[in-house]
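Letter by letter, the chains look like this.
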Amino acid sequence: MVAERLNAERIGFPALVAVLICLVLFSEGAFQRLVAPTVDLDGNPILRVMWLPVYALVFGLAMTRAKAIGALVLRMPALSVVLLLALLSFLWSIDPGLSLRRGIGLAVTTLFGFYLAVRFDWRQLLILFGSLWLGLCCLNFAAGLIAPAFARDYEIHIGAWRGFWFEKNAMGGHMARASMIFGTLMMIDTRRWQIWTVGLALSVLLVILSTSTTSLIAVLLAAGILLGGWALQGRRIAAVLGVWAGVTVASALAIAVALQPGVFLGFFGKDATFTGRTDIWTALLEAIAERPILGYGYGAFWPLGSEPAYWVRVAVEWDAPTAHNGWLEITLALGLVGLVCFAASFLATALRAVAQLPRHRFALYATGFLTQLGLFSFSESLLLELNSFVWINYVAVAGVLVLGLSKDGHVSHRAAPERSRLRLARATRGWV
């Protein structure tokens, strides 16, 4: 299926296999826990060695599009500065060797995102991602049925599914983001809408089985964005009503959180501390104040030998492995300079997506992905993360939006009489 569809500019079978291998490994949803059964804050030495051939493979793929990648990097200055800061942070890091090693890993991960952006057009990219996550949905669902002792949590969250990931929230988050991919593909790849419907059903089911509240909210967000985008791109009156309803509901939720946070969060099974996260955030703000400009160095704050992390763990009285907030994590690593640069990159990407939302289907996916990413980044450290599919996805989406979207994704607004006549045809054909 993938090889058949990825033929606008024919990619050789070996290169396609190499890309899929890299994507599977970066997803962490099929292999890593077999090698490293538990999370190691200092990094698993076996995994470190096994990443080396993957990095070599990514570098080899990138060299086939070196000129295009170089041009793209120059057109994304904010993101490029963030990457440069991470690479150079060993100069001021509290653990220079670790920051250098992890900075190189982040550079290769980012390079792969750039490669995907220049190598595949927007439609090919979505089909590639959809094919990947369809396979991972089937694999992890089968693991939950066949090997429950491995694929379900029986220690902390009894019975919650986690698949091949280390904990349930990781699986729930990936499946929620996959649901956005499948929902978009159901609209643009109508020849195979049944296959993408199966993927959507499996991804939502796995979110439910993971018992991750944030992931369930992300699925609802994806559904709302897809429906809102359909209205915006096809029916102007419905779009106005949808925007009005969305603003009203969002305002009501904001007021509810401000006035009665305990009651609101209790409805979702959470407390006002976000399961202890606010205690970590308070302690980390004090740590950030010690090195506010350039931070502690990329990836250097949380290892077991870190003195600043030790005092944070003493303050919160548990072994916190991360900041549980993507924005705080960037500030710890690269300081306020890195935070401002990444915020500029994120805002520019979001504005590009929203600006093209009425006219292009990929912008619909980009808007949904960025919205979900913003939600998850509030409670999880998944921004600027090495060896991460989420980061690759962000870089690829940002790159595609910078390069511009092809005309075959354009949505033309027809005259009102024509719309009535074509509604049935559009409903059966989908978006082309």
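Values in this document were obtained by computation on a predicted structure and should not be read as measured data.

1. Details of empty space enclosed by the protein
By the definition in use, this model includes one cavity of 30 Å³ or more. Estimated volume of the largest cavity: approximately 30 Å³. In this structure, the largest cavity is lined by W133, H174, R177, A178, I181, F369, F389, V390 and N393. Sort the elements by how many residues they give to the lining of the largest cavity and helix α10 (residues 168–188) lands first, with four residues.

2. With respect to unusual backbone geometry
Backbone geometry places L384, a non-glycine residue, at a positive phi of 55 degrees. When its relative accessible area of 4% is taken as the criterion, L384 is described as buried. Despite not being glycine, N387 has its phi angle at roughly 55 degrees, a positive value. If you trace the backbone, N387 turns up in the loop between α18 (361–377) and α19 (389–403). A relative accessible area of 9% means that N387 is categorised as buried.

3. Some details on the nonpolar core
By size, the foremost hydrophobic cluster in this structure holds 100 residues, and its most contacted members are F112, L116, W133, F362 and Y394. Counting residues per element, this core draws most heavily on α19, which supplies 12 residues. Setting aside anything within four residues of it in sequence, one finds L116 in contact with V19, L23, L125, L128, F129, I392 and A396.

4. Here's the deal with the packing of aromatic side chains
Centre distance and the angle of the planes are the two values used to describe a pair of aromatic rings. Enumeration over the complete set of coordinates arrives at 24 aromatic pairs. Centroid distance W327 to F342: 5.3 Å. Interplanar angle 55 degrees. Geometry classified as tilted. With a relative accessible area of 0%, F342 lands in the buried category. Here a set of aromatic residues connected by ring pairs shows up, and it is made of F26, W51, Y55, F112 and Y115. The ring of F120 carries R119 above its face, with NZ or CZ at 5.7 Å from the centroid. Stacked on the ring of F376, the Lys or Arg R177 has its end atom at 4.8 Å from the ring centre.

5. With respect to helix α4 (residues 45–63)
Its 19 residues give α4 an end-to-end C-alpha distance of 28 Å, which sits within 8% of 27 Å, the value for a rise of 1.5 Å per residue. Taking the largest bend as the criterion, α4 deviates by roughly 25 degrees, centred on L52, and proline P53 comes between one and four positions later. By the burial criterion, the buried members of α4 are L47, W51, V54, Y55, V58, L61 and A62. Close packing links the buried residues of α4 with α2 (13–27), α3 (32–35), α5 (66–74) and α7 (96–119).

6. So, the packing of helix α8 (residues 122–146) against helix α11 (residues 193–210)
At a minimum axis separation of 9 Å, α8 and α11 run at an interaxial angle of 50 degrees. In this view, α8 runs oblique relative to α11, as classed from their interaxial angle. At the point where α8 passes α11, the crossing takes the left-handed sense. Here α8 contributes I127, G130, S131, L134, C137, C138 and F141 to the contact with α11, which in turn contributes I195, W196, G199, L202, S203, L205, L206 and L209. In terms of residue class, the contact of α8 with α11 is built from 11 nonpolar, four polar and no charged.

7. A look at the side chain of N387
Engagement of the side chain of N387 in a polar contact is seen with the side chain of Y55, the distance being 2.6 Å. Setting aside residues no more than four positions away along its own chain, N387 makes contact with F26, E28, W51, Y55, G105 and T109.

8. Description of the packing of α2 against α7
Each pair of packed helices can be summarised by the angle the axes make with each other and by the distance between the axes. α7 packs onto α2 with a crossing angle of 135 degrees between their chain directions and a minimal axis gap of 12 Å. Our classification of the angle between α2 and α7 gives oblique. Crossing hand, α2 versus α7: left-handed. Across the interface between the two elements, V19, C22, L23 and F26 of α2 pack against T109, F112, Y115 and L116 of α7. Taken together, the residues of the contact of α2 with α7 break down into seven nonpolar, one polar and no charged.

Scoring rules and cut-offs
Residues numbered from 1 in each chain as written. Predicted model: local features only at pLDDT ≥ 70, side-chain atom pairs only at ≥ 80, totals over all residues. Heavy atoms only, no water. 1 Å grid on protein atoms, 1.4 Å probe; cavity = no way out; pocket = protein on both sides within 12 Å on 5 of 7 lines; lining within 4 Å. Points joined across faces, edges and corners; volume = space filled by probe spheres on them. Helix = DSSP H or I, 4+ residues; strand = E, 2+ residues; numbered from the N terminus. Buried < 20%, exposed > 50% of the residue type's maximum accessible area, 1.4 Å probe, protein only. Core = buried A, V, L, I, M, F, W, Y, C linked by side-chain atoms within 4.5 Å. Contact = heavy atoms within 4.5 Å. Phe/Tyr/Trp six-rings, centres within 6.5 Å; stacked < 30°, edge-to-face > 60°. Lys NZ or Arg CZ within 6 Å of the ring centre and 35° of its normal. Expected span 1.5 Å × (residues − 1). Bend = angle between axes of the 7 residues up to and from the residue. Axes fitted to C-alpha atoms, helices over the stretch in contact; angles between N-to-C directions. Parallel < 35°, antiparallel > 145°, perpendicular 65-115°, else oblique. Left-handed = near helix turned anticlockwise from the far one by under 90°. Nonpolar A, V, L, I, M, F, W, Y, C, P; charged D, E, K, R; others polar. Polar contact = N/O pair within 3.5 Å; in protein donor to acceptor, adjacent residues only side chain to side chain.

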